[in-house]
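# Commentary on secondary and tertiary structure
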Amino acid sequence: MAGCRASVDLYDRPVARVFSGIQPTGDLHLGNYLGALRQFTRDQHDHDAVFCIVDLHALTVPQDPHELGRRTLDTARVHLAAGLDPSVCTLFVQSHVHEHAELSWLMECTASVGELRRMTQFKEKADKAPEQEFVAAALFTYPALMAADILLYGADRVPVGADQRQHLELARDLAVRFNHRFGDTFVVPAAAVPTVGARIMDLQRPTEKMSKSSVSPQGTVGLLEDPASITRKIRRAVTDTEVEVRYDPEAKPGVSNLLTILGAAVGEDPAQLARRYQQYGELKVDCAEAVVALLEPIQARYAELAAEPSRTAAILAEGAAKARAVAAPVLEQARAAVGLLPR
Ligand code: ATP
Ligand code: LTN
């Protein structure tokens, strides 16, 4: 962390602090990259940037204990392959910094049941669970842990995809409420959502977002997927029975999703791009080529990192130490603010 401090001055900083997290719940996909990870790699150069593999969040839905550690390490490796540079930013594993779980409790005491109940991600995930399947209480309180993650680092900018906006609003509300009740303690964070690529849709079910835990492997493009398979999936993407290439997410979700992916990959506006195409086939060819070119360097770097497993583990250990140096004094400040006896 550029200028990582042993104690933080939350209100007098030359550069904004960025914080974000990704769950190790499965293989990262194109949506994770275009919505979040790519922003991380850009932000690290002009911000004090902290990124976290949020393994505690992953536990809110059932995880195989034999897989979770491996997935956590692999998710970190994909972050590095995507371009995070540990010499300019901090990358660590959430459960390695116990302050997250501890501040989460104070956030649970700050949030109301009513506001947690309004979270659409909870409603969707809880509704998805088959009748009588176990739904963890932590799935409900999850946004309190997410608020703790952010507030521990005094982050003012939180790069996320569009689906996380509501959680960010809650984190803001909790920071403001806590400050109001107990005195200025936390920086109030804001979401940074990309203008293009904030919500990449499933290629087979373009009205649903591409997701790690989706049951639609043909609709999801993995960041480490081989080029032939990526090309095949994009060629077979669901469109519609018209022929006109037009950017209209409501009426033409499949075609608009392809235009969004191509636009995000090449840095152009999807509606402008649409004017260049007469046929869906041409759009699919260009979209597949752009995605393959975008992912190629990430895949090459991933292969290098995978050949040297101890390197990623060492980066994470160093990251946890740097993160703890920032998080610990903030937690102490929050503990003191609510009146807990000093330890
Ligand atoms: P899960 O299916 O386990 O909920 P996910 O694929 O939704 O996982 P997360 O770990 O919840 O991924 O999200 C990591 C980051 O990627 C978040 O900032 C989230 O907003 C972003 N993101 C996830 N899916 C998409 C998507 N389809 N398009 C754009 N951004 C996305
Ligand atoms: N809830 C997020 C993951 C997440 C996060 C965070 C994102 C956990 N803690 C802090 C930004 C900041 C998700 O499901 N994608």
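Residues numbered from 1 in each chain as written. Chains lettered and ligands numbered in written order. Predicted model: local features only at pLDDT ≥ 70, side-chain atom pairs only at ≥ 80, totals over all residues. Heavy atoms only, no water.

### Section: empty space enclosed by the protein
Tallied over the full model, the rule gives two cavities of 30 Å³ or more. If you go around the largest cavity, the residues you meet are Gly 26, Asp 27, Leu 28, Arg 71, Asp 74, Thr 75 and Val 78. For the lining of the largest cavity, the per-class residue count stands at two nonpolar, two polar and three charged. Looking at the second largest cavity, its volume works out to about 30 Å³. For the lining of the second largest cavity, the elements supplying multiple residues, two or more each, are helix H6 (120–128) and helix H7 (137–151). No other element matches H7, which puts three residues into the lining of the second largest cavity. The residue inventory of the lining of the second largest cavity, partitioned by class, reads four nonpolar, two polar and no charged. (1 Å grid on protein atoms, 1.4 Å probe; cavity = no way out; pocket = protein on both sides within 12 Å on 5 of 7 lines; lining within 4 Å. Points joined across faces, edges and corners; volume = space filled by probe spheres on them. Nonpolar A, V, L, I, M, F, W, Y, C, P; charged D, E, K, R; others polar. Helix = DSSP H or I, 4+ residues; strand = E, 2+ residues; numbered from the N terminus.)

### Here we look at the nonpolar core
Core analysis: the largest hydrophobic core is formed by 53 residues, its most contacted members being Leu 30 and Val 291. The biggest single contributor to this core is helix H12 (residues 280–306), with eleven residues. Residues in contact with Leu 30, not counting those within four places in the same chain, are Met 210, Val 221, Leu 223, Ile 261, Val 291, Leu 294 and Leu 295. (Core = buried A, V, L, I, M, F, W, Y, C linked by side-chain atoms within 4.5 Å. Buried < 20%, exposed > 50% of the residue type's maximum accessible area, 1.4 Å probe, protein only. Contact = heavy atoms within 4.5 Å.)

### Regarding the layout of surface pockets
In this model, the second largest pocket occupies a volume close to 310 Å³. Arg 199, Met 201, Tyr 247, Pro 249 and Thr 260 are the residues nearest the centre of the second largest pocket, which is lined by 16 residues in total. Here the element with the most residues in the lining of the second largest pocket is helix H10 (residues 253–266); it accounts for four residues. Along the lines of polarity and charge, the residues of the lining of the second largest pocket split into eight nonpolar, six polar and two charged.

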